[in-house]
Amino acid sequence: MDVIAAAVSLPTLFVKNLSQVAWMSLLSVIALMVAVVAVLAYGIAHEYSWAPREILVWNIDKVPVSFAIVIFSYICHPVLPGVEASMENKSKYRTMLALSYFFVAIVKVVFSVCAFLSFSSNIQDVIVNSLPVGVIRSLVNAFLLLNGIFSYPFCVITIIQTIEESVSPDSFSCKIPDLVWFIGIRVSTNFLTLLPAIIIPHFALFMAFISSLTGSAIAFILPVIFHLVIKQHELKLYHYIFDISVLIFGFLAAALGLVYSGKSLFEDLFHHHSNK
């Protein structure tokens, strides 16, 4: 299935700028919203079985792992400079970014709470797998697949552009035709993104482990450090207090995420090998 998805996604990489990617991203958002609405509709239709008190149940081993995955889902920083550069009116960048994060946060909170209330202790790592086998589950999975295919170039095009800007065909001793270089980079990048999906079991836990380090650094630690260094002569006391609080939170999130996601990953891998 991973190989098929990679093959289907490959043509989406043959775009040359983010304005073309934006249309595919729009299709991915539409596909995702259809899937979200379907799950919400199922949950609301079964609201008689909701047990709100269960939301307050905490599993200390799972919270840091879940939080690491949440952090990873918000990390879009590598593509943001390219998004700003491609905008016709760059003065609206901050407004666009704030509104995007706001609406994404609202959708994720509503979706996750509704799904948890609907499936409770029977909820799966992938929420849609908690749906009963049938038309709704097949429909949701189909639209999520479309979402993955159409959102893929948005995540990967920045990597391709960075490679193309850093290395040119003329850098090699032998002459590489521009068309071969253009196609080769995209096919190679597609293959490299396929490899982790094939060879890494428990991919969600693996991403939680990686996100605990890189995600916390990108989202909480490095921005604060840069802000403190660059704006050190302009900051008030309350700025320092807020920045230091975020910095401490970032280090705690990274440490706890690394420990608990690493522990869960090790246990699952050990269990996986012991069952062979």
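Heads up: the structure comes first, above all this text.
If you're wondering where the values come from, they're calculated on a predicted model, not measured in any experiment.

Here is what the cut-offs are and how they apply
- Residue positions are counted from 1 within each chain, in the order its sequence is given.
- Residue-level local features of this predicted model are given only where pLDDT is at least 70; pairs of side-chain atoms are given and counted only at 80 or more, and the full residue set underlies all totals for whole chains, interfaces and linings.
- Only heavy atoms go into the side-chain values, all of them from the structure, while hydrogens and water stay out.
- A run of H or I in DSSP becomes a helix once it reaches four residues, and a run of E becomes a strand once it reaches two; helices and strands are each numbered from the N terminus.
- Working definition: with a 1.4 Å probe on protein chains only, accessible area under 20% of the residue-type maximum means buried, over 50% means exposed, and in between means partly exposed.
- In this description, contact between two residues means that some pair of their heavy atoms is separated by no more than 4.5 Å.
- We define a salt bridge as a contact between a side-chain nitrogen of Lys or Arg and a carboxyl oxygen of Asp or Glu at a distance within 4 Å.
- Definition used in this section: a nonpolar core is a set of buried Ala, Val, Leu, Ile, Met, Phe, Trp, Tyr and Cys residues joined via side-chain atoms within 4.5 Å.
- What counts as a ring pair is set by centres within 6.5 Å for rings of Phe, Tyr and Trp (its six-membered ring), and what kind of pair is set by the plane angle: stacked under 30 degrees, edge-to-face over 60, tilted for all other angles.
- To get the bend at a given residue, fit one axis to the seven residues ending there, fit another to the seven starting there, and take the angle between those axes.
- In a helix, the anticipated span is given by 1.5 Å times the number of residues less one.
- Directions are taken from the helix axis to each C-beta atom, and the arc is the one they span.

Caption draft 1: Highlighting the overall build of the chain. For the chain, the helix and strand inventory stands at nine helices and zero strands. When its helices and strands are written in sequence order, the chain yields α-α-α-α-α-α-α-α-α. Put simply, the chain has 276 residues, and 29% of those count as buried. Considering only intrachain contacts with a sequence separation of at least 6, the fraction spanning at least 24 residues in the chain is 76%.

Caption draft 2: Spotlight on the pattern of salt bridges. In this structure the tally under the stated criterion is one salt bridge. The partner of Glu234 in a salt bridge is Lys231, and the shortest N-O contact between them spans 3.9 Å. On the accessibility criterion, Glu234 (53% relative accessible area) is exposed.

Caption draft 3: Local environment of the nonpolar core. Membership of the largest hydrophobic core comes to 14 residues, with the highest contact counts inside it found for Val39, Phe111, Phe119, Ile127, Val128, Leu131 and Val140. Listing elements by their share of this core, those giving two or more residues are α2 (18–45) and α5 (93–119). Considering every element that reaches this core, the biggest residue donor is α2, with six residues. What Leu131 contacts, discounting residues up to four positions off in sequence, is Val39, Tyr42, Phe119, Ile136, Arg137 and Val140.

Caption draft 4: Summary view of the environment of Leu222. Mapped onto the elements, Leu222 comes out in helix α8 (residues 203–230). For Leu222, a relative accessible area of 36% puts it in the partly exposed group. Expressed as a C-alpha distance, the spacing of Leu222 and Val110, which sit 112 residues apart in the sequence, is 30 Å.

Caption draft 5: Examining the packing of aromatic side chains more closely. Considering all chains together, one arrives at five aromatic pairs under this definition. Judged by centre distance (5.6 Å) and plane angle (85 degrees), the rings of Phe67 and Phe249 are edge-to-face. One end of the pair, Phe67, is in helix α3 (residues 63–74); the other, Phe249, is in helix α9 (residues 237–274), with 182 residues separating them in the sequence. Residue classification places Phe249 among the partly exposed residues on the basis of a relative accessible area of 40%. An angle of 15 degrees between the planes, with centres 6.0 Å apart, marks the rings of Tyr74 and Tyr101 as stacked.

Caption draft 6: Structural context of α8. At Ala217, α8 shows its strongest bend, of approximately 55 degrees. By the burial criterion, the buried members of α8 are Leu205, Met207, Ala208, Ser211, Ser212, Gly215, Ser216, Ala217, Phe220, Ile221, Val224 and Leu228.

Caption draft 7: Representation of α3. With twelve residues, α3 extends 17 Å between its outermost C-alpha atoms, agreeing within 8% with the 16 Å of an ideal straight helix rising 1.5 Å per residue. Those residues of α3 that sit buried are Pro64, Val65, Ala68 and Ile71. Projection of α3 onto a plane perpendicular to its axis shows the buried side chains occupying an angular sector of 120 degrees, all on one side.

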